[in-house]
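If you want the building blocks of each chain, they are given just below.
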Amino acid sequence: MSFRTYMCSKSNNPNYMVHIKSSGFEVIADMPEETTTSLGSEWEAWFPSNGDGVVGNAIRTLAGTALRAQIMSTQTWTNSSPVEIPLELLFDAESNPQTEVYEPMRRLEMMALPSMSGNILYAPGPAPGLSQLYDNTGSLEVELSIGRMLHIPSVVITSVQSTFSSRLTQDGKPIAGRSSINFRTSITPSRQDWEQWTGI
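Parameters and conventions
Residues numbered from 1 in each chain as written. Predicted model: local features only at pLDDT ≥ 70, side-chain atom pairs only at ≥ 80, totals over all residues. Heavy atoms only, no water. Helix = DSSP H or I, 4+ residues; strand = E, 2+ residues; numbered from the N terminus. Buried < 20%, exposed > 50% of the residue type's maximum accessible area, 1.4 Å probe, protein only. Phe/Tyr/Trp six-rings, centres within 6.5 Å; stacked < 30°, edge-to-face > 60°. Lys NZ or Arg CZ within 6 Å of the ring centre and 35° of its normal. Pairing = 2+ DSSP bridges. Axes fitted to C-alpha atoms, helices over the stretch in contact; angles between N-to-C directions. Lys, Arg positive; Asp, Glu negative; His and termini not counted. Salt bridge = Lys/Arg side-chain N within 4 Å of Asp/Glu carboxyl O. Polar contact = N/O pair within 3.5 Å; in protein donor to acceptor, adjacent residues only side chain to side chain. Contact = heavy atoms within 4.5 Å. Core = buried A, V, L, I, M, F, W, Y, C linked by side-chain atoms within 4.5 Å.

A. Examining unusual backbone geometry more closely. Even without glycine at this site, Asn-119 takes up a positive phi of about 65°. Note that Asn-119 resides in the loop between β7 (115-117) and β8 (120-122). Overall, Asn-119 belongs to the exposed group, its relative accessible area being 72%.

What follows is the structure, encoded as structure tokens:
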């Protein structure tokens, strides 16, 4: 399949464009009024709250009781989560509902579905074949750019919710629609990654 660009943005200013680019196509849409990024870290206490374990047992043996020292509640980092980026994109046809609304929205849905080759399901992507879906690092070839605020070279799409207008053309295609998409970074980023992706 040849590369296809769906230009669905009404703005000519790149500061207000969202780019979703994959190995088979790119959708360019208007930036929503608000953009949210969600990330977090997981922390645990140094020692279990019940005082079990080697250190806890040793304290009980020496002191004859279960002591609860404040230092035992000191939090230790265990993991951080990938970044979640929910976006709601609006599509409104000016001349061609097929390429400005219906087709790009259906393509975005496909990005959350697996591909099949030889009765084997491969990780979601816009084109069949493992070599087309993955680059040499094994990451999905899906890029996300939100204006000049954020550029992430590798994301996955965890959910897509499509809402089509009941206003239809003569051939039954909707002239407007809305895609609610949840993106997730394919890795847990470091501070250095985040600095590079956000351009700070």
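Okay, back to it.
B. Broad picture of the packing of aromatic side chains. Evaluated as defined, the whole model comprises 3 aromatic pairs. Plain terms: the ring middles of Tyr-6 and Phe-25 are 6.3 Å apart, the flat faces sit at 75° to each other, and that makes the pair edge-to-face. In this pair, Tyr-6 is assigned in strand β1 (residues 4-7) and Phe-25 in strand β3 (residues 25-30), connecting sequence segments 19 residues apart. By relative accessible area, which is 2% here, Phe-25 ends up buried. On the basis of an interplanar angle of 45° and a centroid distance of 5.8 Å, the ring pair of Tyr-102 and Phe-164 is categorised as tilted. Taken as a pair, Tyr-102 in helix α2 (residues 97-110) and Phe-164 in strand β11 (residues 155-164) lie far apart in primary sequence, 62 residues in all. Look at Phe-164 and you get partly exposed, because its relative accessible area is 26%. The ring of Tyr-102 is capped by Lys-173, whose NZ or CZ atom sits 5.3 Å from the centre of that ring.

C. Focus on the sheet that holds strand β12 (residues 176-185). With respect to topology, 3 strands assemble into an open sheet ordered β6-β12-β11, the strand pairing being antiparallel. Looking at strand neighbours, the two that pair on one side only are β6 (84-92) and β11, the edges of this open sheet. Neighbouring strand axes in the sheet, compared pairwise and without regard to direction, differ in orientation by 20° on average. Where β11 and β12 come together, 9 bridges link them in antiparallel fashion.

D. Structural detail: the side chain of Glu-100. Checked against the element boundaries, Glu-100 lands in helix α2. Although Glu-100 is buried, it forms no salt bridge, and the closest oppositely charged side chain is Lys-10 at an N-O distance of 4.8 Å. Here Glu-94 takes part through its backbone nitrogen, which lies 3.2 Å from a polar atom of the side chain of Glu-100. Only 2.4 Å separates the side chain of Glu-100 from the backbone nitrogen of Asn-96, close enough to count as a polar contact. With sequence-adjacent residues up to four places away left out, Glu-100 is seen in contact with Cys-8, Phe-91, Asp-92, Ala-93, Glu-94 and Ser-95.

E. Quick look at the sheet that holds strand β2 (residues 17-22). On the basis of which strands lie adjacent, the open sheet formed by 5 strands has the order β1-β3-β2-β9-β10 and mixed pairing. On the outer flanks of this sheet lie β1 and β10 (150-152), each paired with one strand and no other. Direction aside, the axes of adjacent strands within the sheet are offset by 10° on average. Sheet strands in contact with α2 are β1, β2 and β3, and its direction is about 125° off that of β1.

F. Local environment of the nonpolar core. In terms of nonpolar packing, the biggest core is built from 27 residues, with Ile-20, Ile-85, Leu-87, Leu-89, Phe-91, Leu-144 and Phe-183 touching the most fellow members. Counting residues per element, the ones that place at least two in this core are β2, β3, β6, α2, β9 (142-146), β10, β11 and β12. For this core, the element with the highest residue contribution is β6, accounting for 4 residues. When neighbours within four sequence positions are excluded, Leu-144 is seen to be in contact with Val-18, His-19, Ile-20, Ile-85, Leu-87, Leu-150, His-151, Ile-152, Val-155 and Phe-183.

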